[in-house]
Amino acid sequence: MSESREFAVMSHESDIRLAGLETHRNFDPVCVCQTTHSSGNHGQALAWAAQHCGLPCNVIVPRNTPTVKIDAIKGYGADVTLCEPNPTSRAETCAAICSEKNYVYIPSADHYDVMAGQGTIALEFLEQVPMLDAILVAASAGGMVSGIACAAKQLKPEIKIFVVEPFGKDLERCLREGKRLWPEPPQYVDTIAEGIRIQQLGKLAFPIVLSLAEKEVFTTTNAQIVEGMRFAFERMKVVIEGASGAVIAAAMSKRLRRMDGRLRHVGVILCGGNVDIDHIPWLPTREA
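A brief report on the enclosed structure follows. (Residues numbered from 1 in each chain as written. Predicted model: local features only at pLDDT ≥ 70, side-chain atom pairs only at ≥ 80, totals over all residues. Heavy atoms only, no water.)

**A short note on the overall build of the protein chain**
And then number 1: Scanning the protein chain from N- to C-terminus turns up 10 helices and nine strands.
And then number 2: The burial tally for the protein chain puts 53% of its 288 residues in the buried class.
And then number 3: Within the protein chain, contacts between residues at least 6 apart in sequence are counted, and of these 74% link residues at least 24 apart.
And then number 4: Accessible surface for the protein chain amounts to roughly 13,000 Å². Of this, 52% is attributable to carbon and sulfur atoms. (Helix = DSSP H or I, 4+ residues; strand = E, 2+ residues; numbered from the N terminus. Buried < 20%, exposed > 50% of the residue type's maximum accessible area, 1.4 Å probe, protein only. Contact = heavy atoms within 4.5 Å. Areas by Shrake-Rupley, 256 points an atom, 1.4 Å probe, with all protein chains shown as cover.)

Structure follows, in structure tokens:
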């Protein structure tokens, strides 16, 4: 890394940033359908928040989700429904449960209240490190990037928000051409970073990212993600998931080093809530 560039870390251990959930106290039970190929942080966070508000909650997860993640969701009092490991099955299963039980659907990203809640990450970050010149954020469906970009730009208009993605997401081409270029139906990309596996940004999130984020997107391969994860595990003694490994890889990349030298203070968002310690990518898989 450049000796003139400093990095700040914001630990984002859970996704309990659901602005607006209190407004659902008098509504029907809540149904959340994950937008990732795992249970993820949002499912656990919404289960916790629904329990806090006294609302039943159902979380839809792919049937190949590790048991430890399903148990975590159930531990917060939510019901779990399994679906096939693809976006179409996820959406269809969620729609069926919402229709059958008259539940309210709260997506993990493409909802303005959820974006606003996730934007509080930027508020906390800039409160702690007001000299930040840029923030690197891994993107799944784009809710966290959108929220962080809105909040950060409001507080500090000159700050730059860079998106980090897995190989195959192709977001930079979409941003440079100013339109959605992804194939339909929605699909997952082949990456070990399951928390950012969805290829498309959400319909509400994309215009915000297009407007506020930089057009330069940091694309990471599986090997680079592993390198980033290992750096955090070995040098920082911090357990992080694949999506955060991608962010560290971006922070350590030649592309960032070659960018504007005025970007001296760069923030990265790290999380370990989506990691399965029995399946660390550089270690042999544990037998059950």
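Next comes the rest of the write-up.
**Here we look at helix 7 (residues 205-212)**
And then number 1: All of the buried residues along helix 7 are Ala205, Phe206, Ile208 and Val209. Each buried residue of helix 7 sits inside an arc of 165° when the element is viewed along its axis, so together they form one side.
And then number 2: Along its buried surface, helix 7 packs onto helix 4 (112-128), helix 5 (143-155), strand 7 (160-166) and helix 6 (171-177). (Arc of directions from axis to C-beta.)

**Quick notes on the nonpolar core**
And then number 1: Among the nonpolar cores identified, the biggest contains 28 residues, and Ile135, Val137, Ile148, Ile161, Val163, Leu171 and Ile269 are the most heavily contacted of them.
And then number 2: Listed by contribution, the elements that provide at least two residues to this core are helix 4, strand 6 (134-138), helix 5, strand 7, helix 6 and helix 7.
And then number 3: The greatest single-element share of this core, amounting to six residues, is contributed by helix 5.
And then number 4: Discounting residues that sit within four places of it in the chain, Ile135 has contacts with Ile148, Ala152, Ile159, Lys160, Ile161, Phe162, Gly267 and Ile269.
And then number 5: Residues Ala134, Leu136, Ala232 and Ala251 belong to the second largest nonpolar core, which totals 24 residues. (Core = buried A, V, L, I, M, F, W, Y, C linked by side-chain atoms within 4.5 Å.)

**Comments concerning the side chain of His42**
And then number 1: Inspection of the secondary structure assignment puts His42 in helix 1 (residues 40-53).
And then number 2: Among the polar contacts made by the side chain of His42, one reaches the main-chain carbonyl oxygen of Pro107 at a distance of 3.3 Å. (Polar contact = N/O pair within 3.5 Å; in protein donor to acceptor, adjacent residues only side chain to side chain.)

**Side note on the pattern of salt bridges**
And then number 1: By the definition in use, this model includes eight salt bridges.
And then number 2: We note a salt bridge from Glu172 to Arg176, for which the minimum N-O separation is 2.9 Å. Taken together, the positions of Glu172 and Arg176, both in helix 6 and four residues apart, correspond to about one turn of that helix.
And then number 3: The closest approach of N and O atoms between Arg230 and Glu234, which form a salt bridge, is 2.8 Å. With Arg230 and Glu234 both in helix 8 (residues 222-236), this residue pair falls four residues apart, about one helical turn. (Salt bridge = Lys/Arg side-chain N within 4 Å of Asp/Glu carboxyl O.)

**A closer look at the packing of helix 5 against helix 7**
And then number 1: Where helix 5 contacts helix 7, the two axes come as close as 9 Å, and the packing angle between them is 45°. By the angle between their directions, the pair helix 5 and helix 7 is classed as oblique. With respect to the hand of their crossing, helix 5 and helix 7 are arranged in left-handed fashion. On the side of helix 5, the interface is formed by Gly143, Val145, Ser146, Ala149, Cys150 and Lys153, while helix 7 contributes Ala205, Ile208, Val209 and Leu212. (Axes fitted to C-alpha atoms, helices over the stretch in contact; angles between N-to-C directions. Parallel < 35°, antiparallel > 145°, perpendicular 65-115°, else oblique. Left-handed = near helix turned anticlockwise from the far one by under 90°.)

**Some thoughts on the environment of Cys150**
And then number 1: With respect to the helices, strands and loops of the structure, Cys150 is situated in helix 5.
And then number 2: A sequence separation of 58 residues divides Cys150 from Ile208, and the C-alpha atoms of the two residues are 7.9 Å apart.

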